[in-house]
Amino acid sequence: MVMTLEADYAVRIVEYLTKHPGRWDAKTISEQMQVPMRFCLKILRGLVGAGMVCSFKGSKGGYSLARPAGEITLLQVIESVEGPYMLSRCQKDEYSCGREHCRLHNIYEKVSETVRRELNSYTFDVICGGQEGEDHGFTAVDTQELCDS
């Protein structure tokens, strides 16, 4: 199993915004993280919709994190583009393999839950090299205030 390219690009974009506080235009993000512009814009729209990124219009517009990096997990970013993580389509409510009492369903659910829990344990402050309470060399800003401007 392989994570989709779109999910990989979403992770790169959030990584960039974590490492480079402030507002960045989509072209810069696209070039710096080697994400094709059409994918970059699509993913940024999804991240804005998921409340992880803020968008700003106008000549001083761009994109920035909507929340502190310590509140954004790898699971949230991946699921923002792929939907809920699950090992098998058997786990979807709308799909039924038609087999009653299938032992594989429980196994797939346990494996999926383990992966979700692990992905959820990594926040972008940790992924990008910092730890909670550690000085990153960045000026603290109120991200809600930024999103409201």
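*Asks:* I'd like a rundown of the overall build of the protein chain, residues and numbers included.
*Replies:* Across its full length, the protein chain holds seven helices and two strands. For the protein chain, the N- to C-terminal ordering of α and β elements is α-α-α-β-β-α-α-α-α. Looking at the 149 residues of the protein chain, the share that counts as buried comes to 32%. Long-range pairs, those at least 24 residues apart, make up 60% of the contacts in the protein chain between residues at least 6 apart in sequence.

*Asks:* Tell me about the pairing of strand E1 (residues 53-56), residues and numbers included.
*Replies:* Across four bridges, the pairing between E1 and strand E2 (residues 62-65) is antiparallel. The residue bridging phenylalanine 56 from the neighbouring strand is glycine 62, located in E2. Where E1 folds back on E2, the antiparallel hairpin that results is connected by five residues, among which glycine 58 adopts a positive phi of roughly 95°.

*Asks:* Quick rundown of unusual backbone geometry? Include the residues and the values.
*Replies:* For glutamine 34, which is not glycine, the phi torsion reads 55° and is therefore positive. Considering the arrangement of structural elements, one finds glutamine 34 in the loop between helix H2 (26-33) and helix H3 (37-49). A relative accessible area of 63% means that glutamine 34 is categorised as exposed.

*Asks:* Give me the lowdown on the nonpolar core, citing residues and values where you can.
*Replies:* One finds Ile13, Ile29, Leu44, Leu47, Val77 and Phe124 to be the most contacted residues of the largest nonpolar core, which totals 29 residues. Mapped by element, the contributors of at least two residues to this core are helix H1 (5-19), H2, H3, E2 and helix H4 (74-82). If one sorts the elements of this core by residue count, H1 sits on top with eight residues. Apart from residues no more than four positions distant in its own chain, isoleucine 29 is found in contact with Ile13, Tyr16, Leu17, Trp24, Cys40, Leu44 and Tyr63.

*Asks:* Can you break down the pattern of salt bridges residue by residue, with the values?
*Replies:* Evaluation of the coordinates by the stated rule reveals seven salt bridges. The salt bridge partner of lysine 27 is glutamate 31, with a shortest N-O separation of 3.0 Å. With lysine 27 and glutamate 31 both in helix H2 and four residues apart, this pair spans about one turn of that helix. Through salt bridges with shared partners, a single network forms among Glu109, Glu113, Arg116 and Arg117.

*Asks:* Let's hear about the side chain of threonine 18: which residues, and what values?
*Replies:* By secondary structure assignment, the location of threonine 18 is in helix H1. There is a polar contact of 2.8 Å between the side chain of threonine 18 and the backbone oxygen of valine 14.

*Asks:* For the environment of methionine 33, give the residues involved together with the corresponding values.
*Replies:* Its place among the elements puts methionine 33 in helix H2. Methionine 33 has contacts with Arg12, Glu15 and Tyr16, leaving out every residue within four places of it along the chain.

*Asks:* Report on the packing of aromatic side chains, specifying residues and quantitative values.
*Replies:* All chains considered together, the criterion is met by two aromatic pairs. Ring centres 5.5 Å apart and planes at 80° place the aromatic pair tyrosine 16 and tryptophan 24 in the edge-to-face group. For tyrosine 16, a relative accessible area of 4% puts it in the buried group. Of the residues examined, tryptophan 24 reaches a relative accessible area of 25% and is grouped as partly exposed. The ring of phenylalanine 56 is capped by arginine 23, whose NZ or CZ atom sits 3.7 Å from the centre of that ring. A cation over an aromatic ring shows up here: arginine 38 above the ring of phenylalanine 39, its NZ or CZ 4.7 Å from the ring centre.

Calculation notes
Counting from 1, residues in each chain are numbered in the order their sequence is written. In keeping with the model being predicted, local features are shown solely for residues with a pLDDT of at least 70 and side-chain atom pairs are shown and tallied solely at 80 or more, while totals for entire chains, interfaces and linings include all residues. Values reported for side chains reflect all heavy atoms of the structure, with hydrogen atoms and water molecules removed beforehand. Secondary structure elements are taken from DSSP: a helix is a run of H or I of four residues or more, a strand is a run of E of two residues or more, and numbering for both begins at the N terminus. Summary of the burial criterion: residues with accessible area below 20% of their type's maximum are buried, those above 50% are exposed, and those between are partly exposed, where the area comes from a 1.4 Å probe applied to protein chains only. The contact criterion used throughout is that any non-hydrogen atoms of two residues lie within 4.5 Å. Note on pairing: DSSP must find at least two bridges between two strands before they are called paired. Put simply, buried Ala, Val, Leu, Ile, Met, Phe, Trp, Tyr and Cys residues joined by side-chain atoms within 4.5 Å make one nonpolar core. One speaks of a salt bridge when a side-chain nitrogen belonging to Lys or Arg is within 4 Å of a carboxyl oxygen belonging to Asp or Glu. N or O atoms closer than or at 3.5 Å make up a polar contact, with two conditions inside protein: a donor-capable atom paired with an acceptor-capable one, and, for residues adjacent in sequence, both atoms drawn from side chains. Pairing of aromatic side chains here covers Phe, Tyr and the six-membered ring of Trp, requires ring centres within 6.5 Å, and sorts the geometry by plane angle: under 30 degrees stacked, over 60 edge-to-face, intermediate tilted. The rule for a charge over a ring is simple: NZ of Lys or CZ of Arg within 6 Å of the ring centre, and within 35 degrees of the ring normal.

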